[in-house]
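Tertiary structure, described
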Amino acid sequence: MELGACRVAFEKDGVYLHTSAKRHPDQDSIIPGVIRIIEKGSDTLLQWTPVEETSDAAQITFTKKDMVGCQADEEIFDPGYEPDWAVISTVGTHSRVQEETNASGPKSPVPRGQWAFTLHLSELKSIRKSKPGLGWSYLIFITKDGVSIQALHFHRGGTKALLKALCKYVILATSPKDSRLYLVYTHDSYALSHSFDELQLFDDSSSNLVSRFLQDPYAATFGGFSKVTNFFRGALHHEDGTPQFAPGDPSTGNVEDETGFEMITCARLGERPSVQRETAVTEQEWEQHLDPDGRVRDPTGLRRRIFAGGLSMPLRKEAWKYLLGYYAWDNSSEENKAQVRRKTDEYFRMKLQWKSVSEEQERRNSLLRGYRSLIERDVSRTDRNNKFYEGSENPGLVLLNDVLMTYCMYNFDLGYVQGMSDLLSPILYITQNEVDAFWCFCGFMELVHRNFEESQESMKRQLAQLTLLLRVLDPPLCDFLDSKESGSLCFCFRWILIWFKREFAFSEILQLWEALWTGLPCPNFHLLVACGILDAERQALMNSGFGFNEILKHINELTMKMSVEDILCRAEAIYRQLAATPDLPRNVQELLGLSEGKSPSPSTDTASSPQPLSPSQAQEMELTDSVSPSQPDSSIEILPTEEASTSQSLSP
């Protein structure tokens with residue numbers, strides 16, 4: 001819509017402003033209006049204006065716990081909508097309102113026009129959303145001057161659409177301190193978007209790319225590679241600029257609780273040792289580790305050999321079941337067979353749960369429909385260059401789909417998140433058995449499931465831990481990255497999320513994962529693998545005069561060009577170097593399990609191969625606006641993106 005020199009980019013009616021401070025507001029206190037986003041030249045405005053509405057305004061009743069100093073019949077409510085507020089009823093009797101009006105005498109109505117407001121988006125500091133369970137969803141806009149605009153109630157839904165529209169102009173990042181508060185950042189827009197577009201790193205226009213990353217980094221990173229700029233600091237840091245860490249997190253290095261930080265002095269690192277990879281474990285060597293009943297005699301020694309040399313291809317089908325917790329290391333051959341029988345029965349019972357859902361039932365199950373749609377889309381583009389998955393009628397694709405759908409039945413809390421198909425694909429390729437692949441995949445997910453939780457706390461924590469390690473290992477590289485607005489290492493997001501699946505050739509990722517699954521030589525070794533990659537690229541990054549754009553481009557172009565043997569040697573050498581450092585900061589010692597008398601705290605929640613499995617509990621986070629059953633959904637929508645599969649072909 002065009003208004004003179006202005007263009008209305010978004011418009012939504014049914015947006016009400018509640019002005020009454022009384023427990024039982026009268027009809028005039030609920031003002032209907034329209035909210036718009038208006039483009040005016042190079043400026044963008046957010047505008048709410050009242051409109052006339054012929055129908056009676058709905059009445060609402062508020063209650064507040066432990067009210068002090070307020071009269072029972074005229075309670076003042078806080079426009080900040082603190083959590084102790086609750087909408088008790090959306091029904092108020094018109095006769096009672098009329099009685100109150102008559103009793104107090106006629107009042108001069110305040111002109112509705114005075115409530116209208118127009119706000120430049122550049123003036124916006126944050127947006128607060130309603131607490132789940134409060135009936136109508138509302139939004140409160142807070143300016144950089146600290147002024148809170150009166151709450152706008154979306155009686156007909158629409159907060160999702162408004163926030164999505166705003167993402168075209170600003171970045172919305174969930175506050176680390178308050179999940180109901182969105183911090184607003186300008187895109188610093190033309191320079192950042194133009195840089196992304198010129199590099200042609202992504203399929204879509206970059207105008208809303210940063211906000212998409214902050215809302216859904218899983219989807220946003222798969223199209224090309226993870227982005228990093230100082231705008232991401234809002235998601236990774238508190239508003240006061242201090243890094244966000246969980247209490248007791250080994251990455252914080254709390255020497256004094258009140259400080260929250262350990263000053264990292266330059267640890268006197270010794271010379272980095274040279275490390276050579278060993279030969280792969282063969283089937284003959286594996287047999288030598290088994291007793292006559294088929295039990296592994298020395299699981300620790302065998303895991304050390306697997307870490308040092310990997311496994312020969314024919315052995316992987318059997319050995320991965322141990323590494324991923326499907327088989328117990330102390331099981332006999334007969335006990336393993338019994339385990340397979342039990343797990344096969346359990347798997348097909350879960351598979352039947354979703355297979356038996358009729359089309360009519362599925363129409364009433366939006367969650368199952370959503371999982372099915374996302375899985376079908378991801379399966380159709382996962383490792384399609386690999387002969388095991390190529391072609392439209394490939395049975396491998398059917399198995400990939402069925403295992404992922406069954407996992408949704410196994411782990412209702414987590415369900416399916418984009419990226420899981422990348423983790424399952426090599427496992428199914430190796431086992432070539434639906435049941436074995438499922439239980440091995442469950443074991444893998446026990447290691448990394450927190451990477452896929454909506455709160456993204458684990459991912460933020462691991463990026464902070466990676467920064468900590470790099471700061472100790474190579475302060476000049478950290479300073480260089482900081483100077484190029486790349487210090488938060490968000491370009492490593494995809495590395496950590498799916499354990500380097502998109503960075504190495506398919507055949508090499510098998511070798512990398514089995515080394516990581518041993519849990520050796522320390523917890524969080526995957527972070528040292530990331531350090532190894534950055535160490536290998538140190539000279540290229542620092543000596544080429546790279547700026548922000550060039551760093552992004554260089555990291556992206558590493559895909560499928562690195563040697564996993566070299567990176568594993570570098571990572572192990574880095575570990576040995578740190579382990580031999582006497583004055584290593586305590587937080588680094590704890591991160592790598594080097595501190596005496598303390599058990600390690602790995603980022604992925606386990607330091608070794610998985611134990612017998614139980615369904616994972618996904619941490620919940622309020623990412624959607626809760627509304628009453630009769631109200632439309634007004635949650636923030638996850639914005640999917642297309643990705644191109646880069647995995648190389650490997651014949652089975």
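Calculation notes
Residues numbered from 1 in each chain as written. Predicted model: local features only at pLDDT ≥ 70, side-chain atom pairs only at ≥ 80, totals over all residues. Heavy atoms only, no water. Helix = DSSP H or I, 4+ residues; strand = E, 2+ residues; numbered from the N terminus. Buried < 20%, exposed > 50% of the residue type's maximum accessible area, 1.4 Å probe, protein only. Areas by Shrake-Rupley, 256 points an atom, 1.4 Å probe, with all protein chains shown as cover. Salt bridge = Lys/Arg side-chain N within 4 Å of Asp/Glu carboxyl O. Pairing = 2+ DSSP bridges. Axes fitted to C-alpha atoms, helices over the stretch in contact; angles between N-to-C directions. Parallel < 35°, antiparallel > 145°, perpendicular 65-115°, else oblique. Contact = heavy atoms within 4.5 Å. Polar contact = N/O pair within 3.5 Å; in protein donor to acceptor, adjacent residues only side chain to side chain. Expected span 1.5 Å × (residues − 1). pLDDT = per-residue confidence, 0-100. Phe/Tyr/Trp six-rings, centres within 6.5 Å; stacked < 30°, edge-to-face > 60°. Nonpolar A, V, L, I, M, F, W, Y, C, P; charged D, E, K, R; others polar. Core = buried A, V, L, I, M, F, W, Y, C linked by side-chain atoms within 4.5 Å.

Time to look at the overall build of the protein. Assigned secondary structure in the protein consists of 24 helices and 12 strands. Expressed as a percentage of its 652 residues, the buried residues of the protein come to 55%. Element-wise, carbon and sulfur atoms account for 49% of the exposed surface of the protein, whose accessible area totals about 28400 Å².

Moving on, we come to the pattern of salt bridges. A side chain of one charge can pair with a side chain of the opposite charge when the charged atoms of the two come close. Under the criterion given, the structure shown has 37 salt bridges. For the salt bridge of R7 with E39, the shortest nitrogen-to-oxygen distance reads 3.0 Å. With R7 in strand β2 (residues 6–18) and E39 in strand β3 (residues 30–40), the pair connects residues that are 32 residues apart, well separated along the chain. When its relative accessible area of 30% is taken as the criterion, R7 is described as partly exposed.

This part takes up unusual backbone geometry. Note that the residue after L520, namely P521, is joined by a cis bond; omega there is -5 degrees. Structurally, P521 can be placed in the loop between α19 (506–517) and α20 (525–536). Phi at D383 takes a positive value of approximately 50 degrees, unusual for a residue other than glycine. With respect to the helices and strands, D383 occurs in the loop between α12 (366–379) and α13 (395–410). The phi dihedral of M560 is positive, around 70 degrees, even though this residue is not glycine. You can see M560 is positioned in the loop between α22 (548–556) and α23 (564–579).

Turning our attention to the pairing of strand β11 (residues 170–174). Of all 5 residues that make up β11, 5 are buried, and the element is covered over most of its length. Where burial is concerned, the two faces of β11 agree: the one with V170, L172 and T174 and the one with I171 and A173 are both buried. The sheet contact formed by β11 and strand β12 (residues 181–186) spans 5 bridges and is antiparallel. Note on β12: the bridge partner recorded for A173 is L183. Where β11 folds back onto β12 in an antiparallel hairpin, the turn is made up of 6 residues.

Most of strand β9 (residues 137–143) sits inside the fold, with 7 of its 7 residues counted as buried. One ladder, built from 5 bridges, connects strand β8 (residues 124–129) with β9; its direction is antiparallel. The partner of I127 across the bridge, within β9, is F141. Here 3 bridges tie β9 to strand β10 (residues 152–154), and the two strands are oriented antiparallel to one another. Residue pairing in the sheet places L139 in a bridge with L152 of β10.

This part takes up the packing of helix α10 (residues 333–355) against α13. Orientation of α10 relative to α13, taken along the N-to-C sense of each, is 95 degrees, at an axis distance of 9 Å. The angle between α10 and α13 falls in the class roughly perpendicular. On α13, the residues that touch Y347, M350, K351, Q353, W354 and K355 of α10 are N401, D402, V403, M405, T406, M409 and Y410.

Right, let's talk about the side chain of Q577 for a bit. As for its position among the elements, Q577 is in helix α23. A polar atom in the side chain of Q577 sits 2.8 Å from the backbone oxygen of G270. Beyond its immediate stretch of four places on either side in the chain, Q577 contacts L269, G270, E271, R272, P273 and L473.

One can find V435 in helix α15 (residues 434–448). On the basis of relative accessible area, V435 is assigned to the buried category, the value being 6%. For V435 and T344, which are 91 residues apart along the polypeptide, the C-alpha to C-alpha distance reads 6.0 Å. Excluding anything up to four places from it in sequence, V435 contacts Y326, K343, T344, Y347 and F348.

A separate point is helix α16 (residues 457–473). An ideal rise of 1.5 Å per residue puts 24 Å on 17 residues; α16 measures up with 24 Å between its terminal C-alpha atoms. With respect to burial, α16 is a largely interior element, 14 of its 17 residues being buried.

Overall, the predicted model of the protein reaches an average pLDDT of 75, with 67% of residues at or above 70. Confidence drops under pLDDT 50 across residues 605–652; counting only partners more than four residues distant or on other chains, this segment forms 156 contacts.

What follows deals with the packing of aromatic side chains. On inspection of all chains with the given rule, the structure shows 22 aromatic pairs. Aromatic pair Y326 and Y327: ring centres 5.3 Å apart, planes at 25 degrees, arrangement stacked. With a relative accessible area of 2%, Y326 lands in the buried category. Its relative accessible area of 7% is what places Y327 among the buried residues. Between W495 and F500 the ring centres are 6.3 Å apart and the planes differ by 35 degrees, which places this aromatic pair in the tilted class. By relative accessible area, F500 is classed as buried at 0%.

Relative placement of two packed helices is described by the angle separating their axes and the distance separating the axes. Viewed as axis vectors pointing N to C, α10 and α15 meet at an angle of 90 degrees, and their least axial separation amounts to 10 Å. By the angle between their axes, α10 is roughly perpendicular relative to α15. Listed contacts from α15 to K343, T344, E346, Y347, F348, M350 and K351 of α10 are E434, V435, F438 and W439. Residue composition of the contact of α10 with α15, by class: 6 nonpolar, 1 polar and 4 charged.

One can find L584 in the loop between α23 and α24 (586–591). Since its relative accessible area comes to 4%, L584 is described here as buried. Along the sequence, L584 and V472 sit 112 residues apart, while their C-alpha atoms lie 8.4 Å from each other. Ignoring sequence-local partners within four residues, the contact set of L584 consists of V472, L578, Q589 and L594.

So, on to the nonpolar core. In terms of nonpolar packing, the biggest core is built from 117 residues, with M420, F444, F452, L512, W517 and L528 touching the most fellow members. Top contributing element to this core by residue count: α15, with 11 residues. Among residues more than four places away in sequence, those in contact with L512 are W499, F500, F504, V529, V564 and L568. V15, I37, I149 and L162 belong to the second largest nonpolar core, which has 28 residues in total.

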